[in-house]
Amino acid sequence: MSTTLPDIHSHGGHDEHGEHNPYHQHHFATMEQQFDTSKLGMWLFLVTEILLFGGLFVGFGLMQHRYPQQFIEAHEHLKQDIFGRPFPLYGTINTLVLLISSWTMVMGVNAAQTDQKKKTVRYLVLTILLACVFLGIKYVEYSHKFHDGLLPGIFYAHQSEDLIKGTHGYATFFAFYFMMTGLHGIHVLVGIGLLSWLVMRARRGDFSSAYYTPVDLVGLYWHIVDMIWIYLFPLYYLIS
Amino acid sequence: MDWLRAWMMPPQGSEFAKEIDFVYMALFWMSVLLFLMIAIPSVYFAWRYRYKPGRVTPHQTHNTTLEVIWTVGPLLLCVGIFFWGLNGWMKYSVAPGESMEISVTAKQWLWQFEYPDGSRTINDIHVPVNKPVKFTMTSEDVLHDFYVPDMRVKHDIIPGRYTQIWFTPTVLGPHNFTCAEYCGKDHSGMKGNLTVDNDADFAKWMETGGTEWEDYFNGKDPKKTPADWGKITYERVGCNSCHTTDGTKSKGPSWKGVYGSMVQLNNGTSVLADEAYIRESMMQPQAKVVKGFDPIMPTFQGLLKPNQANGLVAYIESLK
Amino acid sequence: MERAVTSGARIGDRPRPKKNYLNETRGFKSWALTVDHKRIGIMYLVGTLCAFLLGGIFALLVRLTLLTPAHKIFGLQVTAETYNRFFTLHGAVMVFLFIIPSIPGSLTNFVLPLMLGAKDVAFPRLNLASFYLWIVGAVMAVSSMIIGAVDTGWTFYTPYSTTTSGTVTLMTAAVFVLGFSSIFTGLNFIATVHKLRAPGMGWFDMPLFVWGMYSTALIQVLATPVLGITLVLLMLERVFQIGIFDSRIGGDPVLFQHFFWFYSHPAVYIMILPGMAIISELIPTFSRKTIFGYRAIAYASVSLALVSFIVWGHHMFVAGQSQLATVVFSALTFLVAIPSGVKVFNWLCTMYQGNISLETPMLYAISFLMLFAIGGLTGIFLGTLSTDVHLTDTYFVVAHFHYVMMGSTVTAFIGGLYYWWPKMTGRMYSEKWGQVSAVIWFIGFNATFLPQFILGSRGMPRRYYNYLDQFQPLHVFSTVGSWIIGLSLFMSAAVLLASLRKPADAPDNPWGGTTLEWQTSSPPITHNFEDQPVLENEPYDYRPKAVTH
């Protein structure tokens, strides 16, 4: 719309250096205002994300209160046998993978801010790869659960002696497990999509120290996705 | 002003009802007063300060004293009302220990009641006057809500949980109860009668084992035989968990063809399975145990109403 | 009718600009792909009013079914199943498609940036996305009605909603989508208020409408995600039986109610706060007097938004929550009364010694004061534990929330529509017929819903198809009232639509308003203002001063 109308404001449409920035939207007075507003919007969105998961955390807590013993027993099935001791191998590796990906994301944002196009692309691609590793491990973990019949609700079909089918609580635990890690997985998937879009734009040379808003915002998103995992990990893998 | 209360509220069937109505009417008059405090000025100002061209209005931005008054005033009022409501509700929420307990099972779309002595009714209950009654309720399917308007009590009924209400009826005669939590197609048809009896009538009613017998067949086929009643009792009382009616062996002997036959007992003797034997087996099951079965049957002495025992005998007879 | 002339400051009318936001560009695409908040507001207005019509038809059908115990509408037998669908669809359409999105999506979208002196909302494309999500949600909701209908009640209580037949999954999916539409709108307004205020406009220089909508937006952003996740769980429970709400596989049906009301109680404030926000504009404008207790009203809006998050349990006093929770929620519920009362008394004091003219919007505002008073005061009966046990789940509750949702919010919405109509369309409507519609509305509303208080207190449960014969006279009264409401709304539609047939005649500031939206032309130009407005006065300053133009 700004292209069809003459610019009526002397201070509009130009950044501090007096050059017209192609990404400047007409209703913002300055690029700085635009950046601040976008960042505020992203933070608000992230608050809704936290509340989305918050509902599930509260639900999990209430159900754990209802079935404390069953939940603890079910927890044990998220661990693997390492040198004869139960250890949450997949969960721990995934936590590390995500933590490293947060670091590569920070480096990517930093590179975009400092006009380093190649470095930006490299770190963003690295972040995508780490996200894929995370999902790969998640896939292995899920397929074990499917194989063991450790599934939500009426699909629960575990045959061994410890978590007997028909006892209330086990199926509920796995309902929450799949809901929460699944929803988180979807967020990782969306993150991969967003990062790929950033890579495309970064290769095209869209980002510079004057305009790096999308990289910054996706970075925020990615950190929140990591942070949610940081809460999911102890909730599901560590507590016993 | 009693006519106003009588117009706005259902008849008062309990002491609760009187207390709750008193709170209700107090809130009602308070609300009328507060409503007038808002409505009269708004209309009066609109008339008194009606538009005149060129009139300049005063620039009154705020008045801290007034703000404090209409913040603190309503707050105090609300605190008072809260405690008043809490007081009435606390009485309602804890049933006295000596209450008669009636179990309620709600399902789409009928009510089953079970008295302490095991007798059951559907959509119809009798309770003694001036004695506290406690209802312990659960649902077989979706949410329901047991609501007795005349007693001013109501509580949701939740599948997989037990909830309770209680009241002390003080007014003889019929009262309605109804479902107040939406439960599907016949939600509005899920209602019944609660009759408050004096002690003598209540005892008589209990003696007959509830009205399920009449109720169950009412309007459908009044010529149902005692055997049909026996079949219901067979399922209700739980005979069917050990006795089959098709000849297959279960924990107890099957009832098929028993009546009038000679039964081999575990002490080597045999006995004719007549009415007397069958009644004895219900009330003193260890007296004569059938060969090949363990003596595990509990006595039903005192648990079976005369009606039910008669029905069972007739039912077994019908299985010849 | 002769138009009142303000005694306060008034910007002289400039010549009407040839191009405005309505005729700057033409064609379907110029609307479908617009990012102009004013056009999106108009599209939202059309959309939500269509939903209002649909919900209103269901309301009339509900009332017609209950007219006689025979349940016949023009000789056609209405079965219990059909009736259950009527009230479910009435509730779902009115709540999710009309009241929640209407004032934020339509009026606020239109005037909030104007009031702030901004060129647009912070995220114009997100604004358009919000509208399209609304469209998608509406299409899903309507198709769920066409292909199977839903009979769960708008609250979708488990386990009924997870076991009944019908298209509950599609309907809940629709509500999920609508939830995101609502989140996007709220997020947009918060960012706009924070970042796009005109130079010189501090937080306490904003019109109270903006404060009210800011509070609303906070709730939209903070509460709706919980509804989203609840509905996802409900859908999964229904389709896959995952066992979170179903007691047969270890779930807890009451958990759904906690989740649902954690959103839906704040959602009540998503509905009422915008109504209050509009009234805070109408009363000073038509009293030609500065608002009394500006800061008190602003703080009251925000505190209502905050309190709304901690009172959800008052929907569940008899639903099986713990007794302690019941007591705590009752106590907290009374907190709601305080800011509500503060607002009402401040509005009354604004009228005191004013210079009051009773144009259509003001008549609706005065109706609001009375209807909201009744709605609020009857809330006390329901917050009080002992009386709530008797009154909850009866028609008393139905009447109470209609007084708040409809008697207050919809009254304010119609008043606001009449108020900003000249700004939105550039046309004045027939004042006389507008005023008649307001009077009929007030009569019809009370005729419909006052009897329902009595029905409820006498023990008629809500959502009932059959009722005892003794209740029939009151039901007849209520049904006739619904026809009067219908008449009033039909008149309003006619009055407003008739104004579109004539050429633009509205002055820039027909009511003598002091907020910034009256400083641009009617209708506004695409970029809202010729020059960036700079705020010089506090809002609602009606002191006489030299006319600057």
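How each quantity is defined
- Residues numbered from 1 in each chain as written.
- Chains lettered and ligands numbered in written order.
- Predicted model: local features only at pLDDT ≥ 70, side-chain atom pairs only at ≥ 80, totals over all residues.
- Pairing = 2+ DSSP bridges.
- Helix = DSSP H or I, 4+ residues; strand = E, 2+ residues; numbered from the N terminus.
- Axes fitted to C-alpha atoms, helices over the stretch in contact; angles between N-to-C directions.
- Contact = placed C-beta atoms within 7 Å.
- Buried ≥ 20, exposed ≤ 12 C-beta atoms within 10 Å, placed from the backbone.
- pLDDT = per-residue confidence, 0-100.
- Nonpolar A, V, L, I, M, F, W, Y, C, P; charged D, E, K, R; others polar.
- Domains from an automatic or database assignment.
- Parallel < 35°, antiparallel > 145°, perpendicular 65-115°, else oblique.
- Left-handed = near helix turned anticlockwise from the far one by under 90°.
- Core = buried A, V, L, I, M, F, W, Y, C linked by C-beta atoms within 7 Å.

Colleague: Describe the sheet that holds strand E2 (residues 110–114) of chain B, and please don't skip the residues or the numbers.
Modeller: Residue and element names in this part refer to chain B. Overall, mixed pairing links the five strands, which are arranged E3-E2-E1-E5-E8 in an open sheet. For this open sheet the edge positions go to strand E3 (120–122) and strand E8 (163–167), each flanked by a neighbour on one side alone. Sheet twist, expressed as the mean angle between neighbouring strand axes with direction ignored, is 25°. The pairing of strand E1 (residues 100–107) with E2 spans five bridges and is antiparallel. The partner of Ala106 across the bridge, within E2, is Trp111.

Colleague: Which residues make up the arrangement of the chains, and what values do they have?
Modeller: Among the two pairs of chains that make contact, the interface with the largest number of contacts is formed by chains B and C. Looking at chain A next to chain B, you find no contact at all, with the nearest C-alpha pair sitting 11 Å apart.

Colleague: Give me the pairing of strand E6 (residues 144–148) of chain B: which residues, what numbers.
Modeller: Residue and element names in this part refer to chain B. Burial of E6 is extensive: five of the five residues sit out of reach of the surface. Here E6 shows a buried face lined by His144, Phe146 and Val148 and a second buried face lined by Asp145 and Tyr147. With five bridges joining them, E6 and strand E7 (residues 153–157) adopt antiparallel strand pairing. Bridge pairing in E7 links Asp145 to Asp156. Counting the residues that bridge the hairpin from E6 to E7 gives four residues, and of these Arg152 lies at a positive phi of roughly 60°. Examined bridge by bridge, E6 and strand E9 (residues 173–179) share two bridges and lie antiparallel to one another. Each bridged residue has a counterpart across the sheet, and for Phe146 the counterpart in E9 is Cys179.

Colleague: Tell me about the confidence of the model for chain C, residues and numbers included.
Modeller: Residue and element names in this part refer to chain C. Of the residues in chain C, 97% have a pLDDT of 70 or more, and the chain-wide mean is 91. Low pLDDT, under 50, characterises residues 1–11; the stretch is placed with 32 contacts to residues that sit more than four places away or in other chains. Here the complex is predicted with pTM 0.87, and the ipTM for its interfaces comes to 0.91.

Colleague: Tell me what's going on with the interface of chain A and chain C, and back it up with residues and numbers.
Modeller: The interface of chain A with chain C comprises 30 residues on the first partner and 33 residues on the second. Listing elements by their share of the side of chain A that touches chain C, those giving two or more residues are helix H1 (31–66) and helix H5 (170–204) of chain A. Of the residues assigned to the side of chain A that touches chain C, the class counts are 15 nonpolar, 13 polar and two charged.

Colleague: Could you give an account of the domain arrangement of chain B, with specific residues and numbers?
Modeller: As far as domains go, chain B holds domain 1 (2–42 + 65–93), domain 2 (100–209) and domain 3 (225–318). Computed over C-alpha atoms only, the centres of domain 2 of chain B and domain 3 of chain B are separated by 32 Å.

Colleague: Pulling in residues and values, what's your account of the interface of chain B and chain C?
Modeller: The interface of chain B with chain C comprises 70 residues on the first partner and 75 residues on the second. Of all the elements in the fold, those that place two or more residues in the side of chain B that touches chain C are helix H2 (15–48), helix H3 (64–93), E6 and E7 of chain B. Among the elements that make up the side of chain B that touches chain C, the one with the highest residue count is H3 of chain B (14 residues). Looking at side-chain class alone, the side of chain B that touches chain C contains 38 nonpolar, 20 polar and 12 charged residues.

Colleague: Give a description of the confidence of the model for chain B that names residues and reports values.
Modeller: All names here are of chain B. For chain B, mean pLDDT is 87; residues scoring 70 or higher make up 94% of the total. Across chain B, E6 holds the top mean pLDDT of 95, while helix H5 (residues 212–217) sits lowest at 51. The model gives residues 216–221 a pLDDT under 50, and that stretch makes four contacts with residues more than four places away or in other chains.

Colleague: Lay out the packing of H1 of chain A against helix H7 (residues 208–240) of chain C in plain terms, naming residues and giving numbers.
Modeller: Contact geometry of H1 of chain A with H7 of chain C gives a least axis separation of 8 Å together with a crossing angle of 40°. With respect to H7 of chain C, the axis of H1 of chain A lies oblique. With respect to the hand of their crossing, H1 of chain A and H7 of chain C are arranged in right-handed fashion. When H1 of chain A is examined against H7 of chain C, the residues Leu44, Val47, Thr48, Leu51, Leu52, Gly55 and Leu56 of chain A are found in contact with a partner set consisting of Val221, Leu222, Pro225, Val226, Gly228, Ile229 and Thr230 of chain C.

Colleague: Please give an account of the nonpolar core that cites residues and values.
Modeller: The biggest cluster of nonpolar side chains holds 293 residues, and the ones touching the most others in it are Phe174 of chain A together with Val93, Ile190, Val210 and Leu369 of chain C. Within the second largest apolar cluster, 12 residues are counted, among which are Cys239, Val258, Met282 and Val313 of chain B.

Colleague: How would you summarise the sheet that holds strand E4 (residues 124–128) of chain B if you had to cite specific residues and measurements?
Modeller: Residues and elements named next belong to chain B. If you trace the five strands from one edge of the open sheet to the other, you get E4-E10-E9-E6-E7, paired in mixed fashion. Edge strands, defined here as strands with exactly one partner in the open sheet, are E4 and E7. Taking the axes of each pair of neighbouring strands and ignoring which way they run, one obtains an average angle of 25° across the sheet. Sheet topology note: the E9/strand E10 (residues 191–197) ladder contains six bridges and is antiparallel. Note that in E10 the partner of Thr178 across the bridge is Lys191. Lying over the sheet, helix H4 (residues 199–207) contacts E4 and E10, oriented at roughly 135° with respect to E4.

Colleague: Could you give me a rundown of the packing of helix H8 (residues 253–287) of chain C against helix H11 (residues 360–383) of chain C, with the residues and numbers involved?
Modeller: Residue and element names in this part refer to chain C. At a closest axis distance of 9 Å, the pairing of H8 and H11 adopts a crossing angle of 125°. In terms of orientation, H8 and H11 fall into the oblique class. For the pair H8 and H11, the sense of crossing is left-handed. In this structure, H8 contributes Gly275, Ile279, Leu282, Ile283 and Phe286 to the contact, and H11 contributes Pro361, Met362, Ala365 and Phe368.

Colleague: Let's hear about unusual backbone geometry: which residues, and what values?
Modeller: Of note, the amide linkage connecting Thr158 of chain C to Pro159 of chain C takes the cis form, showing an omega dihedral of 0°. Structurally, Pro159 of chain C can be placed in the loop between helix H4 (124–147) and helix H5 (160–163). Residues Ser522 of chain C and Pro523 of chain C are joined by a peptide bond in cis, for which omega reads -10°. Positioned with a positive phi, Asp115 of chain A is a non-glycine residue whose angle comes to about 60°. Residue position: Asp115 of chain A is located in the loop between helix H3 (89–113) and helix H4 (117–148).

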